[in-house]
Every structure is written in C-alpha cells, then in structure tokens.
Amino acid sequence: MADRAQEYAFFPAQVVHTRRLGPTMLRVTFGGAGLAGFASGGRDQSFSLFLPHPGQTEPLLPYREGEGWFAAWRALPAAERAVMRSYTVRAQRTEPPQVDVDFALHGTDPADPAPAGPAARWAADAAPGDRVVLLGPAVADNRSVGFRPPEGTGTVLLLADETALPAVGGILEWLPAGARALVWIEVPAAADIQDLASAGEVDVTWLVREPGRPSGLPAALREAELPDGAAYAWIAGEAGTVKELRRHLVRERGLDRRAVCFSGYWRRGASEDRLREEAYDGG
C-alpha cells in the first residue's frame, strides 16, 4: 500500500443529478474537475463526505490547513462547520470524473416517526450544482477497503442492512467469475429490493424488516445451511446486530475470527457525530 499520507486527498465536487432507487434509497452522482485523481478501490470503498448546513452554499471546511485540518474543523462552531459523514462509493467513472453515492433517506418521509439526520435531509433536497467535499482515496489500494478475502476462500458470506447495501453492490460487482457468495440483505420495504449484478455465483436472500421490529438477520443466519470449506464473512450495518452476527459465526459456526470482516455503520440511538466524538475522546 501507499504511504498513509499519500493515500487520501480532498476532492471538491458538485451534484450532477439524483435518482430515486426506492422508498428508502437515493443515488446522488457527484462530478466536477475537482474529482480528477479520486481512485476508488471498489468493493466497500469508504470515504468521508462533507456537506453544508442549510443556508450555506458550500461546506465550511478548512481542508487547506494541511495536517491540521481536523483540529481546525473541530474547533469551528458545530452549527457552522461542515457536516461530516462516512459513505461508500457505489460506482466511479473517470471520463468525465463522477462518483455515485447511495443515501438511505431515513426520517425524510413525513410518516416516519424518527427524525432525519442532516445527511439524509441534505440528500432529499439535493439539486444539480450543490457543492460538497470528499475526503477519499488518491490510490486504489488503500486502507478504507475492508473486503479482502484471502486466497483460497471457498465461499463469501455477506450480511448487511440497507445502510450497507451500496457496499454489497460494490462487492458483488468486484467478485470474479467462479466466486461463490451467500448474501443476506435486510431493507425497510420490499420496493427497496434491487437487482445486483455479479460475475460470481451469487445467492441473495432479501429480508423486509417490519416497522418497529428488531433485525431479522440473526434469525436468518441461524437457520441457514452454510457450505463446508474455508469461508470469509463480511458484515456491516447496525452495530449491535453486527456484533450478534459475528459472535454467531465465530462461536457457533466455528469461523476463524480473522476471517470475519465486520463494521458497525451506525448504532441504534447514537448519531455519527456522537460516535466520532466518543472515538476522538477515547470513549
């Protein structure tokens, strides 16, 4: 891999267009000359997206401060500094430079009892020309790609909720012909189910979560028949559910814990801002 300081860079961009994928998901395409040099590694490539607050024409982000940008950003008033969120690259094109990002629009429906977060609110109203900044990979082989099955893996297991659906789509598109994957994806509505392309041999099970009910992923995994042989698991979604799924695979299914890649994309009852503050403060 490249030197850490050279792996990432800031990329100013703007909205090119948006497309609704279902009641929960919206695809936003970012473009602009500032995206030249963005180098997604595919799969579950993550990056940081900086968004403006309502009334701002661009995100307030002192990224030209060099290595001191984070402290300078954090020192700004919370109501003014750019909203920072982590997202997955759903697709990238180089001519012209464009990046597709899928947003889960939780809380933006008036009938939804949960309030929308700032990123969902921004995405729901996004229009061509809206300005953002991406902090993302400048080299394709970077540390923000988590899906790395070792050589000799027999079967890939993918378990995700809707927040990790874009990453699953990227992983399946990356799988080569002959690779085998068993996939479980949970979404809030049947209309959120997507056609996911892959050259591999893929078996996808879609689960529709009932409103107010806990995730059905743990029960689905417990009931599943898993093939013999070396397996590699990738799990992402709500942190508590991810922990339960990982524990089942390691303790009850006997997978080597080193063969389970897992990530809590969100935690019930906690915002991303709160999680970042806890990590920064050592909480």
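Structure: above.
This section reports on the structure supplied with the text. (Residues numbered from 1 in each chain as written. Predicted model: local features only at pLDDT ≥ 70, side-chain atom pairs only at ≥ 80, totals over all residues. Heavy atoms only, no water.)

### Looking at the sheet that holds strand E3 (residues 46–51)
As a general point, the strands of a sheet are linked pairwise by backbone hydrogen bonds and lie either parallel or antiparallel. Taken in spatial order, the seven strands line up as E4-E3-E7-E1-E2-E6-E5 in an open sheet, and their pairing is antiparallel. Each edge of the open sheet carries a strand with a single partner, namely strand E4 (83–88) and strand E5 (91–94). Pairwise comparison of adjacent strand axes, ignoring direction, gives a mean angle of 35° for this sheet. Sheet topology places E3 next to strand E7 (residues 131–137); three bridges connect them, and they run antiparallel. Paired with Phe50 across the strands is Val133, a residue of E7. (Pairing = 2+ DSSP bridges. Helix = DSSP H or I, 4+ residues; strand = E, 2+ residues; numbered from the N terminus. Axes fitted to C-alpha atoms, helices over the stretch in contact; angles between N-to-C directions.)

### Thoughts on the sheet that holds strand E9 (residues 180–187)
Strand order in this open sheet of five strands is E10-E9-E8-E11-E12, and the pairing throughout is parallel. Either end of the sheet is taken by a strand with one partner, and the two such strands are strand E10 (201–208) and strand E12 (260–266). Pairwise comparison of adjacent strand axes, ignoring direction, gives a mean angle of 10° for this sheet. Pairing geometry for strand E8 (residues 155–161) and E9, over seven bridges, is parallel. Bridged to Val156 within E9 is Ala181. Those strands touched by helix H4 (residues 165–174) are E8, E9, E10, strand E11 (231–238) and E12, and its axis lies near 160° from that of E9. (Contact = heavy atoms within 4.5 Å.)

### Quick look at a positive patch on the surface
Taken together, the side chains of Lys243, Arg247, Arg251 and Arg257 make up a positively charged region of the molecular surface. Here Arg251 falls in the exposed class, since its relative accessible area comes to 67%. (Patch = residues over 30% accessible without salt bridge, like charges linked within 9 Å, V, L, I, M, F, W, Y side chains within 5 Å. Areas by Shrake-Rupley, 256 points an atom, 1.4 Å probe, with all protein chains shown as cover. Salt bridge = Lys/Arg side-chain N within 4 Å of Asp/Glu carboxyl O. Lys, Arg positive; Asp, Glu negative; His and termini not counted. Charge placed at Lys NZ, Arg CZ, Asp CG, Glu CD. Buried < 20%, exposed > 50% of the residue type's maximum accessible area, 1.4 Å probe, protein only.)

### A short note on the packing of aromatic side chains
For the structure on display, the rule yields 14 aromatic pairs. When the centroid spacing of 6.3 Å and the interplanar angle of 45° are considered together, the rings of Phe10 and Phe50 count as tilted. Within this pair, whereas Phe10 is found in strand E1 (residues 8–20), its partner Phe50 is found in strand E3, the two being separated by 40 residues in sequence. Looking at Phe50, the relative accessible area reads 0%, which means it is buried. Judged by centre distance (5.1 Å) and plane angle (85°), the ring pair of Phe10 and Trp69 falls under edge-to-face. With a gap of 59 residues between them, Phe10 in strand E1 and Trp69 in helix H2 (residues 69–75) connect regions that are remote in the sequence. For the pair Phe10 and Trp69, a shared accessibility class is recorded, and that class is buried. Cluster of aromatic residues (ring-pair linked, three or more members): Phe10, Phe50, Tyr63, Trp69, Phe70 and Trp73. Sitting over the ring of Trp73, Arg81 keeps its end group 4.8 Å from the ring centre. (Phe/Tyr/Trp six-rings, centres within 6.5 Å; stacked < 30°, edge-to-face > 60°. Lys NZ or Arg CZ within 6 Å of the ring centre and 35° of its normal.)

### Some thoughts on the pattern of salt bridges
Counted under the stated rule, the structure contains 10 salt bridges. Across the pair Glu7 and Arg143 runs a salt bridge whose closest N-O atoms are separated by 1.9 Å. Here the residue Glu7 occupies a position in helix H1 (residues 4–7), and Arg143 occupies one in the loop between E7 and E8, the gap between them amounting to 136 residues. Using a relative accessible area of 0% as the deciding quantity, one classes Glu7 as buried. In this structure, Arg209 engages Glu162 in a salt bridge whose closest nitrogen and oxygen atoms are separated by 2.8 Å. With a gap of 47 residues between them, Arg209 in the loop between E10 and helix H5 (217–223) and Glu162 in the loop between E8 and H4 connect regions that are remote in the sequence. Given the relative accessible area of 2%, Glu162 is considered buried.

### What about the environment of Val168?
By the secondary structure assignment, Val168 is in helix H4. Residue class for Val168 comes out buried when judged on its relative accessible area of 0%. For the pair Val168 and Arg90, spaced 78 residues apart in sequence, the C-alpha separation works out to 9.1 Å. Setting aside residues up to four positions removed in sequence, Val168 forms contacts with Leu158, Ala160, Val183, Ile185, Leu196 and Trp234.

By themselves, these are just geometric observations and shouldn't be taken as functional.
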